[in-house]
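So you can see what is in the structure, the chains are spelled out below.
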Amino acid sequence: GAVVSQHPSWVICKSGTSVKIECRSLDFQATTMFWYRQFPKQSLMLMATSNEGSKATYEQGVEKDKFLINHASLTLSTLTVTSAHPEDSSFYICSARGEVSYEQYFGPGTRLTVT
Amino acid sequence: KNQVEQSPQSLIILEGKNCTLQCNYTVSPFSNLRWYKQDTGRGPVSLTIMTFSENTKSNGRYTATLDADTKQSSLHITASQLSDSASYICVGSTLGRLYFGRGTQLTVWP
């Protein structure tokens with residue numbers, strides 16, 4: 001089956017620093033990748049949608065200059081949280097979708113803690 | 001407004017028992033209805049996907065139903081196991097977007 005990986009699985013950083021999270025589709029080409037954020041006991045909230053080779057589309061209320069998304073290849077998308085603050089602490093999950101299937105395959109998530 | 005509501009918010013059952021989780025959705029235009037299992041600290045894993053024409057689908061001990069008229073879905077878990085302890089999320093899909101419920105937190109006790 002389709003596998004999506006994320007790296008790192010957890011990260012702790014100091015306030016004001018930047019953190020990069022990678023999302024990879026391991027056995028299929030992902031034309032579209034999605035980034036979600038999930039707070040404790042809350043549902044997944046879509047942050048942005050990225051298509052390979054083009055700029056990401058951000059959801060209302062998500063700062064594009066703070067959450068930089070790059071989808072440079074069909075197997076890799078990155079989310080960079082710039083100048084992180086404690087309120088950015090959350091569980092970040094990516095998903096990937098191929099050309100043919102409407103199925104989204106989710107990564108295992110990255111736990112970000114900003115101190 | 002597209003939204004998905006789930007009940008109960010949490011549920012505790014004994015190992016070996018059955019349970020049913022509920023989902024009401026208002027997603028339009030409707031593409032499909034999905035159920036995911038999410039273990040703590042992990043990403044969601046797909047259990048079932050149902051389109052408008054399907055009213056039941058099984059995946060092992062998991063059976064999902066869909067009533068497109070009342071916009072309700074249920075997930076029935078048979079002969080629960082300790083490993084079933086997780087959050088079960090109902091998701092409505094429309095126009096390539098997913099709308100997530102908050103999930104039902106299921107705890108299975110030995």
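Notes on the structure follow.

What about the pairing of strand S8 (residues 72-77) of chain B?
All names here are of chain B.
Moving on, step 1. Judged from the six bridges that link them, strand S3 (residues 19-26) and S8 form a sheet pairing that is antiparallel. Pairing of Cys 19 across the sheet is with Ile 77, part of S8.
Moving on, step 2. Where strand S7 (residues 62-67) lies against S8, six bridges are found, and the strand directions are antiparallel. In the sheet register, Tyr 62 faces S8, and the bridge partner there is Ile 77.

Section: the sheet that holds strand S1 (residues 4-7) of chain A
All names here are of chain A.
Moving on, step 1. Strand order in the open sheet formed by four strands is S1-S3-S8-S7, with antiparallel pairing between adjacent strands. The sheet is open, and its two borders are formed by S1 and strand S7 (67-73), each paired with just one other strand. Neighbouring strand axes in the sheet, compared pairwise and without regard to direction, differ in orientation by 15 degrees on average.
Moving on, step 2. Two strands pair when backbone bridges link them, and S1 and strand S3 (residues 19-25) are joined in this way by four bridges, in the antiparallel orientation. In the sheet register, Gln 6 faces S3, and the bridge partner there is Cys 23.

Comments concerning the interface of chain B and chain A
Moving on, step 1. Taken together, the contact pairs 18 residues of chain B with 19 residues of chain A.
Moving on, step 2. At the boundary of chain B with chain A, total buried surface from both sides reaches about 1400 Å², with 51% on carbon and sulfur atoms.
Moving on, step 3. Our count for the contact surface shared by chain B and chain A stands at two salt bridges.
Moving on, step 4. A salt bridge links B:Arg97 to A:Glu59; the shortest N-O distance between them is 2.9 Å.
Moving on, step 5. Along the contact surface separating chain B from chain A lie six residue pairs in polar contact (both at pLDDT 80 or more).
Moving on, step 6. Of all the secondary structure elements, the ones that give two or more residues to the side of chain B that touches chain A are strand S4 (32-38), strand S5 (45-51) and strand S10 (97-100) of chain B.
Moving on, step 7. In terms of residue count, S4(B) provides more of the side of chain B that touches chain A than any other element does, four residues in total.
Moving on, step 8. Considering only residue class, the side of chain B that touches chain A consists of six nonpolar, eight polar and four charged.

Conventions used here
- Residues numbered from 1 in each chain as written.
- Chains lettered and ligands numbered in written order.
- Predicted model: local features only at pLDDT ≥ 70, side-chain atom pairs only at ≥ 80, totals over all residues.
- Heavy atoms only, no water.
- Pairing = 2+ DSSP bridges.
- Helix = DSSP H or I, 4+ residues; strand = E, 2+ residues; numbered from the N terminus.
- Axes fitted to C-alpha atoms, helices over the stretch in contact; angles between N-to-C directions.
- Contact = heavy atoms within 4.5 Å.
- Buried area = accessible area lost by both parts, 1.4 Å probe.
- Salt bridge = Lys/Arg side-chain N within 4 Å of Asp/Glu carboxyl O.
- Polar contact = N/O pair within 3.5 Å; in protein donor to acceptor, adjacent residues only side chain to side chain.
- Nonpolar A, V, L, I, M, F, W, Y, C, P; charged D, E, K, R; others polar.

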